[in-house]
Each structure stands twice: as C-alpha cells, then as structure tokens.
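Architecture at a glance
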Amino acid sequence: MSKLGAVIESVEKHDKFVHEQVKRARTDEKFGREMTERWSKIKAEIPVAKAPTGLPLPRLALPEIDEAGEIARYLFGDGLPGEFPYLNGAYREMYLEPLQEIEIGSYGNTKSPNGAKGHAKRNGAQSNGAKPKVPPQEEPTRLFSGLMLAEDTNKRFHFLSAHQRSKRLSTAFDGPTLYGIDSDAQGVLGKVGEGGVAVDTVEDMVRLYDGFDVGAPNFSASMTISGPAPIIMAMYIAAAKRRFGASVVPNLRGTIQADIFKEVQAQNETIFPTEASLRFLCDMIEWTTEKMPRWYPVSISGYHIGEAGSTPVQQAAYTLSNGFAYAEMLAARGVPVDQFASRLSFFLDCGLDVEYIALSRVSRKIWAIGMRDVFGASPRGQMFKLHTQTSGRSLIAAEFKNNLTRTAAELMLAYMNGTNSCHSNSADEPFTTPSEEWIRLAAHGQAILLEESGIFKHTMNMLSGSPGMKAVERAVEKAILDEFREIESLGGVLAAVENRYQRSQIQNAAHRYEQQIYDGTRPIVGLTRYRDPNEEPPEIELARTPRKRQELQVNRLKKFKQKNAGKAEKALDKLAAAVESGENTFPALLEAAEVCSLGQITTRLQEIVGHFRPMV
Amino acid sequence: MPAPVRILTAVPICDGHDSAINTINLEFIRHGIEVVYLGFHRYAGDIVRAAIQEDVGAIGISSYNGGHIDFFAEVVRQLRRLGAGDIAVFGGGGGTITNDDARLMKRQGVDQIFFAGTSLTEMADYVRKQYGKARNKKGGKNWDLALARELTAIEDAFAKGSREKKIKKNQKSAIRNSKVIGFTGPGGAGKTTLIDELVLRFLQNEPKARIAILSHDPSVVGAGALLGDRATMINSQDDRVFMRSMATRGQAGGLSPATESCLARLTNDDFDYVIIETVGTGQEALPFRNELIDQTVLVMNPDYGARLQLQKIVMLEVADIVVVNKTDLDRSKAALSEIEHRLTQNKRQQKIVATVAKRHRDPGVDELYKLITRRGRDDRTSRRAAKPRARKGKVRRR
C-alpha cells in the first residue's frame, strides 16, 4: 500500500469519528453540555460590525443550530475557519475589511474580544488622516504576466503593481524557456518571447525583476515553470544575490511551480525522464525548505489538468494524490515533515461546472486529514494553501466580451471556496497574451467583488454551508476517494502515471466535453446558443514579439556564452559529477546558473539522465 | 475499396497543448482516417521528415502557444524544398490564430485554418474530401520520398485488391543488404521504447548506419487507425532512420496485409538494419514468416500471470532472443527464472535479456544491442561483399 491508501483510510476514519462525536454529543450528557457551552463561547467572541448602510453583521457567520449533535458535526466535520479540517478556510479571517470600531461586541454579547482590538489598532496606524480603508493583509489578487523580453515583462510588472502595496508578481515564460531550450537554438526563433517572457541566463533574470526589492517582506514572485524549474530557481537566486548580496537568500519569498507530475499527466512541459525530474525537484525542495524558509518550492497544480479537459473531480483527485506522492518522496528522503509540509502549496482551476461550488473546500479537508494522520504534520503543515485561476478553457473567442461574465462567475466561486490568492483571466485570452486594457478589467473584477461589493468583506462564511453546497461536498468527497482507490489499485501515483492512467482519463474527459458542446448537453452562449450570425471578428491588440526583439535576445545570449565559455564548462562538469554521484544537485546547479545558460545546463543534464519520452 | 486517407498530426515546438489534437485525432479515426500522430513539442524538420516518410496526404498542426505564422511557413517551405509540396498543410489554434493571421498563412501556402467553433465532423469531412486525392506517385530526386511513395503504392494495391503492383513475396533469395529484426510481444511490454533505445545505440555506435522501421498499430474496426509510435520514439526521428507506420487494415496477427511486400522492398534497399514491430499480440500469435526475418525478439513483461501461462506462449518456441522488460517491477526475478527454465526445454540456445528500457543507458539494452549486432555484423559483411552499396557516396540531406 502506498501512502495514498493510508490517506483513504484516514479520511474514512475521520468521517466515522465525526459521526461518533455527533452520537456521543446526543447520548453523553456531559459531552453534549461541553459542546453547547463551547458553541456559546465561540459565538460570544465573534465581533459584530456595521456595514456602510448601518446593518450590524457578525464577522463570522455560523449555522443557526443549538443542538449538541449538530454542533459537534459542525465543529469536528467542518471546523471553524482556520481550524481543522479547514473546510471553511485555511485562516480565521480572509478577505475581511479591517475592523474600524466595534459596534456591538458580539452575537448578543457586548464584550469586546481581544483579537479584534489588535486588528483595529493595526489598521488605525495604517490609515492615519484621510482614510481610504485598506485591508491589512496582502491583496489576494495575483496577476500572471509575461511577454517578449525580460525588460518588457518588467515594465508590465511595474504597470500592474503600481498601485498595490504588496508586490505579488506572477511570471509566465515563453515556450523555449519552458522546455529548457536557449533562444539561439535552431528552429525556435519564432517562439522567443511568445506567450511569456524569454529567460536564458541569470542576466535576463536580473532584468526581469529590476526595480523590485526582491528581499522585501511585501514582495513575492511566482514563476510558472516546471520542467526546468530547479535551473530557473537557481537563476532566480543567483540574480537576487547579484543585486542584493548573499544575505538576501533567506528572505526570498515566492513560489515556483515545479510540478512534474501534472506535466506528465497533462501539460507536457517536461524535459527529463520522470524519475530524474523528480530527483532534481526533491533536491531543490530539500535545499530551499532549509535555506529559504519563506519560499514555496512547488505549487501542486490541478489547473493544467483541468485545462487539459479533466472533470473537476479528476482535477482535485489527481492534484491531491500528486501532493501526497511528493510528501511521501520527501519523507522517504528523510526531510522532516515540518520542514516541507508547510511549504507545499496548491493551484486549482475554477470553471463553471457545479462541482466548483465546493471543490476546494473538500480538497482542503482531505489534505488536512492526510497530512495530520498519515504524515504527522503540525497544523501549519496541514493547511491546503490555495491559489486559484479562473478557467481559460471556459473562455470563448465568439462574442468574447461574454468572457467577462464567465470570469466574474468563476471568481465568485473561487472566493466562496476560500482561495488564498486568485488570478482572474482576461477576456481576450482566447486570442492572445492579455493586453493592458483587458488585463486591467480582469484585475478590477476582483476589486469589485472584494472591495466594492459587500459579499465578502463583512462576514466570514457569508456563503458557506448552504444545503446545496453540502450536497456537492458530499458527492465530491466520495468521488475523489473513489479516484484515489483507482490510483492505489494501480500501485500508487508513480505507477499510475507510468501506465498513463491519469493521461487517458483526462483525454477521455476532454473528448466527452467536446462532444457535449456539439450535442447540446453543454450550451455555450454566443457559440451554440444565441449566436450572433453577423458577428465580426473583434479588433484585438495582439501581443506579438517583433523579430528584432527576438534577435536582440539571441545576440545577447551569444555574448553571455562567449564571455563565460571557460567557466561554463567547469561548472557543467561539476554539475555532471554531482548528478552521477547521487548527492544533492542543487548547490552545483546554483554555481552553474551564474555562468551557464538554461540550454547549456539542460543539454548537459539530458546527456546524463536522458530525455523525457512523451506518452501519447 | 479505396485506401484510407492518411494524414499526420502534430503540435509545434515548445508547445505542449495536446488536448485539442487528441480529441481531433479520435474524431478523424472515427471517420475512417489513418492518423500518424507525431506528438507535441516537435520541430518543423521532424514534422516534414515524418510526413515524407509516411507519405501522408496532409499535415495537420495544432498550435496554441504562438509563433504559428513562422512555424507553418517553415513547414511549407521545407516540404517544397524537398519536393513534397503536394503534401498539404492545415491546422488550427482556437482563437490564437486570428482571421488576419489565417489570410497571411494561406498566402504563404497553408491550405486551411480551422477556427474555434468548427465542429469536429466538419473538420473530418473536409480532410477526407480534400486529402484523399491521388497525388504524384513519383518521388523525384528525394530518396526518402521516392521510397515512401513506392510503399504507398504497395499498400494501396493491397487495399484495392489489385495484384499487379504488389511486390512478389519471398524475396529471401534476392540480394539483401539489411539485417532484419522482428519485434513482437504483448501490448504494454514496452516494445516501442525498447526499439527506440536500440536505435539510439545504432546511431551512436555506427555513425554511418541507416535503419528502417516498420511499425504497426491496429486499425479500429470499420474505421481508421491511430499510428502513434512516432510520438514516443524520440531517438528515431533522425535523418538516418526511415520509419513507416502501418495500420493492420483488418488483418489479424499483428501485421498488415502489405507488410511482407513492404519489407521485401526495404530489404532491397540500402539499410543496415530493418526493424519490424508488430501490434501487441496474444499468446498464440506467430506473426513472422521465418524466411523474412534474421532474428526474432520477443518482448515480455514480468507480469504475464501464472507460470502455466508460459507453456501457452507460442512465440517462446521460435524467438531467438527473449527480452524481459520492466525488470524494475516486482516479480521480475521469478519471471526471469521461470522463462529461463522454459527456454532450456526448447534446447535452442535462445538468449534471454533483462531490461528496463525506460531507463537511460540501461545495461540490459546495451546487452541486447550487442546480441543483435554481433550476429548481424558477420551476416552483413558477406552481403556487402556480394553487392556494393547502391547509394554509396550519394549525399543525404543535412
């Protein structure tokens, strides 16, 4: 049995445990009284504040129950926000406007709770004088960007984050970079800077984040790259060291995607054989979790599984099981669970299918139970920290302005699920890398939902726990566990991957989805329903990289290679020796990143470990 | 019956978006089309080489990662340069290929761009109508193309039931330049990966060797076929490798009705090795006629089931080499000793090799390579003496 089998058992055991607690609360008078007393105490501690209209609202909404069994079911089964099993949220408070003043102490109790005082004070310090009310936490908005050359993306980063207190940059790389190929390689020139930024060397990395204080507490960088992730990570560290010295390393904050499993299952951007890729990944995780405690070295991603056409349940099941497989590998290498568990983060797709009403809620629960009961993680390591992106494949080229509405609905679902950060897609995504006009609208969509509207800013749990949501939760949890069983019966995640189980399941689902569009089961507005017969193709500003820019990248890469020719060969030999010896490769990679290009490193590694062999 | 329409599909270099093309491939097959699928992240040169060797009517490219104008133009340019301008190029990319782009691409020689919203049936109908037409049968000066078109003529003759174009079977006695190795075994044993790893060793160790591969995939009953071996055979996409993917077109036993004639044609050419891979076969299959094959390799998994099953595997009697692949799996030790015992009963000095083909530089595959080439070398020397190489000195492209 792989650890996944143990996870299945632990979730079942937990559900049984909840059931028993409910029964006990109903039969054991003392325990029942404990439950109701605890419930009253929790409610008494919830502050109440006024909405701008004067309506008093509790900061946390709870179900209107007073019977001990139901209370036990809620506290053990769902958990308060920030409490095991985190169904309602990884943290106690999310998206809430800071408390200005406490109007009424609590649900019927006027005593002011301690926590709220701290909040009011902290915020007071920030909003002296004329006060635009700003939330004290980081904005959850995280926008993805990457185009042309490093300096072009850098400009876009400054544009996007100009008005944000926290600089949360998310980087898209171009095709050659994603495949570990240099811009000067034969046959890739047209792809340089297309769909993302071209990064070949540490010098590009310096240009990419120029003007940002990468060691500052309000800065975090996210890099969406997996196949060559350890090499790109090494370049990021090398660039930060060049700009701020070696002391910056422990302060670096951010995320690198680095998820090899989902690449093999769905996204196809992987360059080494799976086992070798996993080794380089674990080398990097081991190193960064020790030396860069604020960095997330892997973002376990369902997004691309969803985008490749999986069902929502497949997306959650494969993502979670991939996560448990990483945890199993790291534990097997002897990395302490509390060193890595809290540094694993997740990335899910949010589309319009009904499952998305509760998909992330259930995922949070399963992750927490598995990490606590199977891996022995402490609470920090039980939390499923989630970045969500609205669905790209739900966006349609025909009557593309409808995509604003699609994205708005998906954003609503994402925040109902308590995502920790979110990217909203631009309506022009079916055509191009988003233009500034549409990317601005996408960002504003989130601000309207979170800042303008009162849906999320006054009360936690505003939309949690409806009967419909509960029904979806139950159905989704059961379906995810069934998927786990299937994977376990194939010998666990790695064996299932090698038998291309997840791939073929995703492909079948994608085929079914397409057929459903054309047989009418899945109506698409503007395409299969209410189509405008006179629609003209839209005027879209296309982000295309001019040939001259591409040539500039090639030329400066060539200069870099000339300049470092001697040193590069030595660094590569050292890296090769590390690979052959079986030791952790990341320190040698860090040295190589100073003087070698991405393609030079990839090529040398492929000579030793081979190429990825695609699965059809 | 007319021969099925054959096309090749692929996703460009630095692009892994294969969701659309996977769905489209399935739909094409359902509509009776044979699809050679090259996979994702493919260089223009690899696509063109494969299209020529497979002699397809058209190339379909699914591009979602940008750079499509350059990429499609490069494919068209290379086809024309190699005398294969009659192979049409079509494609799509959802909304990423705009109307303006499509107009420009058509001016540059692309036949058709399908936009988002085109139904799958519409696409399949277009392909069948446009790309099933008869084309120039001569390959001109391009040697790959000429050979490919001869093979097409043989396949077509079998499809139509006309006999005159079929090359006479049983050409063992004719002059042969190549060593022929047949690979067979159950589905999932890893034949394709193993062959590709062998090809890597041929290419590395024999700088002038040329290899032909005849690879087989099953036709779907009453429909086309997905010929997908090229997608996983990364080392075999090389100018020194001529690969042809064949659909079984209704014939049982793991080969196509045209296989023997095509094989005879290939062995008369200038290849050092000709490799045939059958479809994954059952226990009783005996796909090769002995006189056509110099060496038969049976590739097995350690998990063939109970020991008794071994007695029923007919190929164990005739195989020259038995490869037990995936020996990193449980049970491989037991499997190896059971098979070894079974082979000693045959008293034929059959060789047994344990491999993990998916592993880079696997010593088991090295051993298999040695077994194949050692015997091969003697054979070939004598053949070489009999006939000077037909194309010696002729410059190959690139």
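Throughout what follows, the structure given in this document is the object of discussion. Starting afresh in each chain, residues are numbered from 1 along the sequence in its written order. Here the convention is simple: chains get letters from A, ligands get numbers from 1, in the order in which they are written. Per-residue local features of the predicted model are confined to residues with pLDDT of at least 70, and side-chain atom pairs are confined, for both listing and counting, to 80 or more; whole-chain, interface and lining totals are unaffected and use all residues. Working from all heavy atoms in the structure, the side-chain values ignore hydrogens and water.

The subject of this paragraph is the packing of helix H2 (residues 44-54) of chain B against helix H3 (residues 68-81) of chain B. Residue and element names in this part refer to chain B. All axes are obtained by fitting lines to C-alpha atoms, using only the stretch in contact for helices, and the reported angles, taken between N-to-C directions, cover 0 to 180 degrees. Strands are runs of DSSP state E lasting at least two residues, helices are runs of H or I lasting at least four, and both sets are numbered from the N terminus onward. Close contact between H2 and H3 brings their axes to 9 Å; oriented N to C, the two are set at 45 degrees. One element, H2, and the other, H3, form an angle in the oblique class. Handedness of the H2/H3 crossing: right-handed. Residues Ala44, Gly45, Ile47, Val48 and Ile52 of H2 form the contact with H3, whose own contacting residues are Phe71, Glu74, Val75, Gln78 and Leu79. Any angle that falls under 35 degrees is termed roughly parallel, while one over 145 is termed roughly antiparallel, one within 65 to 115 roughly perpendicular, and all others oblique. Handedness of a crossing is defined here by the sense of rotation of the near helix relative to the far one, left-handed for an anticlockwise turn of less than a right angle and right-handed for a clockwise turn. A contact between two residues is defined here by any heavy atoms of the two lying within 4.5 Å.

Residues and elements named next belong to chain A. To estimate the expected span of a helix, count its residues, drop one, and scale the result by 1.5 Å. End to end, helix H18 (residues 467-489) covers 33 Å across 23 residues, agreeing with the expected 33 Å (1.5 Å per residue, within 8%). When accessible area is computed with a 1.4 Å probe and restricted to protein chains, residues below 20% of their type maximum are described as buried, those above 50% as exposed, and intermediate ones as partly exposed. Among the residues of H18, those classed as buried are Met469, Lys470, Val472, Glu473, Val476, Glu477, Ile480, Leu481, Glu483, Phe484, Ile487 and Glu488. Two residues or fewer past H18, Gly491 is found with a positive phi of approximately 105 degrees.

We now examine the sheet that holds strand S9 (residues 241-247) of chain B. Residue and element names in this part refer to chain B. A pair of strands is considered paired only if DSSP assigns at least 2 bridges between the two. Strands sit in the order S9-S7-S10-S6-S11-S12-S13 across an open sheet of seven strands; the sheet is parallel. The sheet is open, and its two borders are formed by S9 and strand S13 (351-354), each paired with just one other strand. Taking the axes of each pair of neighbouring strands and ignoring which way they run, one obtains an average angle of 20 degrees across the sheet. Looking at chain direction, strand S7 (residues 211-217) and strand S10 (residues 273-277) are connected through five bridges and run parallel. Within S10, the residue paired with Leu214 across the bridge is Ile276. The strands touched by helix H7 (residues 191-205) are strand S6 (179-184), S7, S9, S10, strand S11 (295-300) and strand S12 (321-324); relative to S10, the strand with the most contacts, the crossing angle is about 170 degrees.

This part is about the packing of aromatic side chains. All names here are of chain A. Two rings from Phe, Tyr or Trp (for Trp, the six-membered ring) form a pair when their centres sit within 6.5 Å of each other. Planes less than 30 degrees apart are called stacked, planes more than 60 degrees apart edge-to-face, and all others tilted. In this structure the tally under the stated criterion is 31 aromatic pairs over all chains. Considering the side-chain rings of Tyr95 and Tyr415, the 4.8 Å spacing of their centres and the 90 degrees angle between planes classify their relative orientation as edge-to-face. Here the residue Tyr95 occupies a position in the loop between helix H3 (68-78) and helix H4 (114-126), and Tyr415 occupies one in helix H16 (residues 402-416), the gap between them amounting to 320 residues. As far as the burial class goes, Tyr95 and Tyr415 line up, both buried. Look at Tyr303 and Phe347: their rings are 5.0 Å apart centre to centre, the planes differ by 5 degrees, and that puts the pair in the stacked class. Residue Tyr303 is located in helix H11 (residues 303-307), and its partner Phe347 is located in strand S9 (residues 344-350); the two are separated by 44 residues in the primary sequence.

Let's shift gears to unusual backbone geometry. Residues and elements named next belong to chain A. Here Phe84 and Pro85 are connected by a cis peptide whose omega angle stands at -5 degrees. For Pro85, the location among the structural elements is in the loop between H3 and H4. At Tyr95, a residue that is not glycine, the phi angle is positive and equals roughly 65 degrees. A relative accessible area of 16% means that Tyr95 is categorised as buried.

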